[in-house]
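# Survey of secondary and tertiary structure
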Amino acid sequence: MPDTPHAAQTARQASFWSPLPLFFVLLWSSGFIVAKFGLPYAPPLTFLLLRFLGVLAFLVPAVLVLRAPWPHGKIGHIALAGLLVQAGYLIGVWCAIKQGMPAGLSALIVGMQPILTAFAAPLIGEKVLPRQWLGLLFGLGGVGLVVAAKIQLVGLSANAILLCVLALLSITAGTLYQKHHCPQFDLRVGTVIQFAASSLVVLPLAMYFEGLGPDFAAVQWTPRFVGALLWSVLGLSIGAIFLLFALIRRNDATHVTSLMYLTPPTTAIMAWLMFGEAFNALGMAGMALAVTGVIFVVKKSK
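Reference entry: report on the structure contained in this document. A quick note: this is a predicted structure, and the numbers were derived from the prediction, not measured. (Residues numbered from 1 in each chain as written. Predicted model: local features only at pLDDT ≥ 70, side-chain atom pairs only at ≥ 80, totals over all residues. Heavy atoms only, no water.)

## A few points about the packing of aromatic side chains
We apply this condition: Two rings from Phe, Tyr or Trp (for Trp, the six-membered ring) form a pair when their centres are within 6.5 Å of each other. A pair whose planes differ by under 30 degrees is stacked, one over 60 is edge-to-face, and the rest are tilted. Under the scheme used here, helices are H or I runs from DSSP no shorter than 4 residues and strands are E runs no shorter than 2 residues, and both carry numbers assigned from the N terminus. The cut-offs for exposure are 20% and 50% of the maximum accessible area for each residue type, with area from a 1.4 Å probe on protein chains only; residues under the lower value are buried, those over the upper are exposed, and the others partly exposed.
Under the criterion given, the structure shown has eight aromatic pairs. Aromatic pair Trp-28 and Tyr-89: ring centres 5.9 Å apart, planes at 25 degrees, arrangement stacked. Residue Trp-28 is found in helix H2 (residues 19–38), and its partner Tyr-89 is found in helix H4 (residues 75–98); the two are separated by 61 residues along the sequence. Across the pair, exposure class does not vary: Trp-28 and Tyr-89 are buried alike. Centroid distance Trp-221 to Phe-225: 5.4 Å. Interplanar angle 85 degrees. Geometry classified as edge-to-face. By relative accessible area, which is 0% here, Phe-225 ends up buried. Among the aromatic residues, those joined into a ring-pair cluster are Phe-47, Trp-94, Trp-221 and Phe-225.

Shown next, in the form of structure tokens:
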């Protein structure tokens with residue numbers, strides 16, 4: 001076990017290149033694919049409510065049976081972080097896509113998160129080195145190259161852009177808040193708290209804006225929709241979120257959010273494989289630049 005701050009930091013950076021963050025990127029990147037599969041069959045807020053309730057249906061029995069420890073004194077902090085990372089972020093992105101926001105442009109806007117996190121890092125006692133700033137700029141440039149061919153501004157509403165910007169601000173604030181106020185808690189109980197709080201926010205919004213009723217009449221329960229819903233519950237809201245919380249617990253916020261630069265390139269590859277969407281040489285160059293940027297951010301100092 002490391003016995004000096006430098007050794008501890010080196011160990012954390014070494015673990016950053018383990019399969020954990022790479023698996024997180026794969027799971028997190030599938031979010032836009034799930035949206036493409038699921039949104040044609042349900043309004044966005046209704047879909048998100050079903051997703052949140054599905055998480056609770058899986059985890060609440062596990063928490064009760066396993067008697068997971070309750071995070072006394074942190075419940076409010078965990079709930080608020082969840083509202084920002086879960087409800088605020090997902091409402092913004094999914095509603096923006098439903099209103100016509102191209103997935104590429106949405107990914108580019110949300111891809112600003114590492115830059116915002118770096119600017120705010122001093123607020124939680126973290127320092128961003130010049131090399132890391134260079135890496136953040138490389139990553140942002142790489143994301144821009146990947147989505148450049150997919151950006152279409154014609155006919156795009158101001159509301160869709162605003163929703164995506166709000167999603168960016170929400171997940172950035174939530175990541176920083178959780179890192180500062182509640183980085184350590186039982187993942188099972190913490191996830192239940194966050195999705196319960198998010199459900200309480202999304203439910204009235206879905207009732208007001210989408211006319212949600214107890215029969216969920218607006219939902220088309222097709223096999224494609226059920227598959228998208230199950231993946232969003234198990235793969236994204238449980239799998240990816242557990243990994244995100246584990247990364248926040250072990251690493252600096254700037255390190256963790258730099259992984260978001262890898263999301264648009266990975267999503268582009270998934271869309272190419274699954275839907276035949278174009279992924280050209282410019283996209284491959286952007287992916288290489290984004291990976292280089294992440295390496296600069298997480299590389300240990302000499």
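## Focus on a nonpolar patch on the surface
Where we set the bar: For patch detection, residues must exceed 30% relative accessible area and be free of salt bridges, and they are connected within 9 Å for like charges or within 5 Å for nonpolar side chains (Val, Leu, Ile, Met, Phe, Trp, Tyr). Computed with the Shrake-Rupley method and a 1.4 Å probe, the accessible areas treat only the protein chains shown as cover for residues. Any Lys or Arg side-chain nitrogen found within 4 Å of a carboxyl oxygen on Asp or Glu counts as a salt bridge.
A cluster of nonpolar side chains, contributed by Ile-161, Leu-162, Val-165, Leu-166 and Leu-169, occupies part of the molecular surface with about 400 Å² of accessible area. Mapped onto the fold, Leu-166 is located in helix H8 (residues 158–181).

## Some details on the pattern of salt bridges
All told, the structure shown has one salt bridge when counted by the stated rule. Here Arg-188 makes a salt bridge to Asp-186, at a shortest N to O gap of 2.7 Å. Assessed through its relative accessible area of 26%, Arg-188 is described here as partly exposed.

Note that all results are geometric; they support no functional claim without further evidence.
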